[in-house]
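Read off the chains here:
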Amino acid sequence: MPTLSYRLQAFAFSIVQAVEPLAVFANRWAVNRVVKRARARPHPLSTKHDYVSWSGLTDRRWSGRHLPPDKRDDPPAVDDLLELFARGEGSQRLCPKSTCLFPAFAQYLTDGFIRTESEDLTPEGEDLADRFKRNTSNHEIDLCTLYGRTTAQTRALRLNSEVGDERGQLKFQVINGEIYPPFLYENDAVKPEFAALDPPLGLSSLEADRRAKLFAVGGDRVNSVPQVAMINTVLLREHNRLAAEIAAAHTDWDDTRVFETTRNAMIVMFIKIVVEDYINHISPMPFNLRADPSVAWRAVWNKPNWITTEFSLLYRWHALIPDQITWNGTTFPTRKTFMNNAILIDGGLLQGFKDMSANRAAELGPRNTGAMLLNVERESIKQDRHCQLASYSDYCAYLGQKRPQRFSDISSDPTVASLLARHYSHPRDVDFHVGLFCEDRVTNSPLPGLVLMFVALDAFSQALTNPLLSEHVFRRSTFSGPGWSAIKSTRSLADMVGRNVAGGVGDAFISMTRKDWVPE
């Protein structure tokens, strides 16, 4: 049963949202309140230098940073801190609010624009350790997971045909009557037409039968688990569906114009889903935020995007992954689903979305990460140290929160507070990454407090500043009539799935929020 306070807020917001001018004003107020917690870009420092430099202000291969570097003396050993992340003897805690569609979408979103440089993409001659400070991001929500990071990758993924309704299409294949991306491999070798694509991460220990089912996609992490490949698949179908409509409406347009116009509309639809489906799921408030681009048109925070090293670290949400997951009636240990697209293909796209909406996500927080993912936590703390990030306490102050004075101010769990006290002499010494995920989860949100603030801050300041949403670009002619209609009719992943599976979704439940969730 929701608390009286929550019910009163919900009632007040229902009145506000029913009156359009009030709803627009409230949305603008809420977005600005979140974004103005921190300094607007451009940040004076990046990870390239510890001081202001021209290259540090312009070379976006190096991640930005909110706070100056702060190397602390004699910090706790990284491996000793893993007990704050590792699950104890008890069972895995599950999230009261989120389905597994939530972490799947979060991974797909962040893999597109928060891209810490991998070893495979480190330029020859560069210090491999410094890859923690660099990124391979375009710094925009641009669906590079679908379209590729570079012009060459995009061309490799396009059908490149001037024939009728093939104009503007992405390459695809049909399996069991359903459309999927084409396979990357043939005869256990990458198809020559896809040589420009980034190699999928995790290939070194992958068996041949799983390699054979890897999709040719824009992102090197899209094949990591079938639920992420599932999201890419529905976006591919929507692109080709919409491209066919635009081609039919504009018979004089060539293949490239149809493609580019379709991509424009797809990026904006994706941003709408980010704000109106994903961010509204994260928000603890009984108020539905809107992806209203006009909020940013006169905003002082409307600046060019630059991903920060803090943002790349706070999105390490591996504790959300459950130990087991059910696909098409079969329950798999999660490790058996890694890079296993056969699971998605066997069940079909609609069944995949239904299954991910039926599976309950785990809870993000301390002592809840499975053993198979602890190495990611280890590497995250190493990245924190290598980038010389300021302390968790400093970031609390940066976002206008009280600095913790006791370990119990970070976590109300006595065990967690005791473990923090074992490793740190004072709360001011707690590492940024450690403090983020030792915090209590915010009531009615799946996220801890400081993570929630940073995600909301960067989500709006990175999404609503997209060039396609700018004042002189966001208009019908940029997207075509069919594209404009698709944008207006899209608010959730379920909307897009319904247009791209035979017979629509019907009464199928597709949501990041659990069907039986009740606000606290």
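Quick caveat, the model's predicted, so the values are computed rather than measured. Just so you know, the residues in each chain are numbered from 1, in the order the chain's sequence is written. Only residues with pLDDT of at least 70 get local features here, since the model is predicted, and only at 80 or more are side-chain atom pairs given and counted; chain-wide, interface and lining totals rely on the full set of residues. Side-chain metrics in this entry use all non-hydrogen atoms of the structure; hydrogen atoms and water are not considered.

Asks: Now, about the packing of helix 10 (residues 255-282) against helix 19 (residues 449-463): what can you tell me, with residues and values included?
Replies: Note on geometry: axes are C-alpha line fits, over the in-contact stretch for helices, and angles between N-to-C directions span 0 to 180 degrees. Going along the chain from the N terminus, every DSSP run of H or I of four or more residues is numbered as a helix, and every run of E of two or more is numbered as a strand. Where helix 10 contacts helix 19, the two axes come as close as 11 Å, and the packing angle between them is 165 degrees. When the axes of helix 10 and helix 19 are compared, the pair comes out roughly antiparallel. Of the two elements, helix 10 crosses helix 19, and the hand of that crossing is left-handed. Between helix 10 and helix 19, the contacting residues are Ile271, Val275, Ile279 and Ile282 on the first element and Leu452, Val455, Ala459, Phe460 and Ala463 on the second. When describing relative orientation, an angle under 35 degrees is termed roughly parallel and one over 145 degrees roughly antiparallel, while 65 to 115 degrees is termed roughly perpendicular and anything else oblique. The sense of a crossing depends on the near helix, which, turned anticlockwise from the far helix by less than a right angle, makes the crossing left-handed and, turned clockwise, makes it right-handed. Note on contacts: a residue pair qualifies if any of its non-hydrogen atoms lie within 4.5 Å across the two residues.

Asks: Give me a nonpolar patch on the surface: which residues, what numbers.
Replies: Patch rule: a residue counts if its relative accessible area is over 30% and it has no salt bridge; like charges are joined within 9 Å, and nonpolar side chains (Val, Leu, Ile, Met, Phe, Trp, Tyr) within 5 Å. Reported accessibility uses the Shrake-Rupley method at a 1.4 Å probe radius. Residues are deemed covered only where the shown protein chains occlude them. Any Lys or Arg side-chain nitrogen located within 4 Å of an Asp or Glu carboxyl oxygen qualifies as a salt bridge. A grouping of Val52, Trp54 and Leu57 is seen on the molecular surface, where their side chains present a nonpolar patch of about 350 Å² in accessible area. Turning to its location among the elements, Val52 is positioned in the loop between helix 2 (20-35) and helix 3 (54-58). Here's how the labels work: a residue is buried when its accessible area is under 20% of the maximum for its type, exposed when over 50%, partly exposed in between, all with a 1.4 Å probe on protein chains only. On the accessibility criterion, Val52 (53% relative accessible area) is exposed.

Asks: Break down the nonpolar core for me, with residues and values.
Replies: Judged by nonpolar contacts, the single largest core of 145 residues is most densely connected at Phe105, Leu235, Tyr278, Trp317, Phe353, Leu420 and Val434. For this core, the leading source of residues is helix 10, giving 15 residues. As used in this record, nonpolar core signifies buried Ala, Val, Leu, Ile, Met, Phe, Trp, Tyr and Cys residues forming a set joined through side-chain atoms within 4.5 Å.

Asks: Talk me through the packing of aromatic side chains; I want residue IDs and the actual numbers.
Replies: The geometry of two aromatic rings is summed up by the distance between their centres and the angle between their planes. Here the aromatic set is Phe, Tyr and Trp, taking the six-membered ring for Trp, and pairing holds for ring centres within 6.5 Å; pairs whose planes are under 30 degrees apart are stacked, those over 60 apart are edge-to-face, and all others are tilted. The tally for this structure, following the rule as stated, stands at 17 aromatic pairs. Plain terms: the ring middles of Phe105 and Phe270 are 5.4 Å apart, the flat faces sit at 40 degrees to each other, and that makes the pair tilted. Pair noted here: Phe105 is in helix 5 (residues 101-113) and Phe270 is in helix 10, with a separation of 165 residues, a long-range link. Taking the relative accessible area as the measure of exposure, Phe105 reaches 0% and is therefore buried. Residue Phe270 is classed as buried on the basis of its relative accessible area of 4%.

Asks: Residues and numbers for the pattern of salt bridges, please.
Replies: Tallied over the full model, the rule gives 33 salt bridges. Across the pair Glu193 and Lys171 runs a salt bridge whose closest N-O atoms are separated by 2.8 Å. On the criterion of sequence distance, the pair formed by Glu193 in the loop between strand 5 (189-190) and helix 8 (208-211) and Lys171 in the loop between helix 7 (151-157) and strand 2 (173-175) is long-range, its members being 22 residues apart. In this structure Glu193 comes out as partly exposed when scored by relative accessible area, which is 42%. Notably, a salt bridge pairs Arg514 with Asp516, separated by 2.9 Å at the nearest N-O pair. The network of salt bridges with common partners includes Lys48, Asp59, Arg61, Glu117, Glu126 and Arg134.

Asks: Outline the packing of helix 5 against helix 9 (residues 226-249), listing residues and values.
Replies: Two quantities define a packed helix pair, namely the angle between the helix axes and the distance between the axes. With their axes 9 Å apart at the nearest point, helix 5 and helix 9 run at an angle of 70 degrees to one another. Here helix 9 runs roughly perpendicular to helix 5, going by the angle between their axes. Both helix 5 and helix 9 take part in a crossing whose hand is right-handed. Seen from helix 5, the contacting residues are Leu101, Ala104, Phe105, Gln107 and Tyr108; seen from helix 9, they are Gln227, Val228, Met230, Ile231, Asn232 and Leu235.

Asks: I'd like a description of the side chain of Arg41, backed by residues and values.
Replies: Residue position: Arg41 is located in the loop between helix 2 and helix 3. Counted as positive: Lys and Arg. Counted as negative: Asp and Glu, with His and the chain ends omitted from the count. Of the side chains with opposite charge, Asp458 comes closest to the buried, unpaired Arg41, at an N-O distance of 4.8 Å. Within the local environment of Arg41, its side chain forms a polar contact with the backbone oxygen of Lys303, the two atoms lying 3.1 Å apart. Sequence-distant contacts of Arg41, that is, excluding residues within four places in its chain, are made with Trp301, Lys303, Pro304, Asn305, Trp306, Ser461, Gln462 and Thr465. Pairs of N or O atoms are called polar contacts if they sit within 3.5 Å, as long as, within protein, a hydrogen donor faces a hydrogen acceptor (for residues adjacent in sequence, only side-chain-to-side-chain pairs).

Asks: I'd like to hear about unusual backbone geometry, residue by residue, with values.
Replies: Here the amide bond leading from Arg41 into Pro42 is cis, since omega sits at 5 degrees, within 30 degrees of zero. Assignment of secondary structure puts Pro42 in the loop between helix 2 and helix 3. Phi is positive for Asp74, which is not a glycine, with a value near 50 degrees. Along the chain, the position of Asp74 falls in the loop between helix 3 and helix 4 (78-81). You will see that Asn328, though not glycine, has its phi angle at about 50 degrees, which is positive. Relative to the assigned elements, Asn328 resides in the loop between strand 6 (324-327) and strand 7 (330-333).

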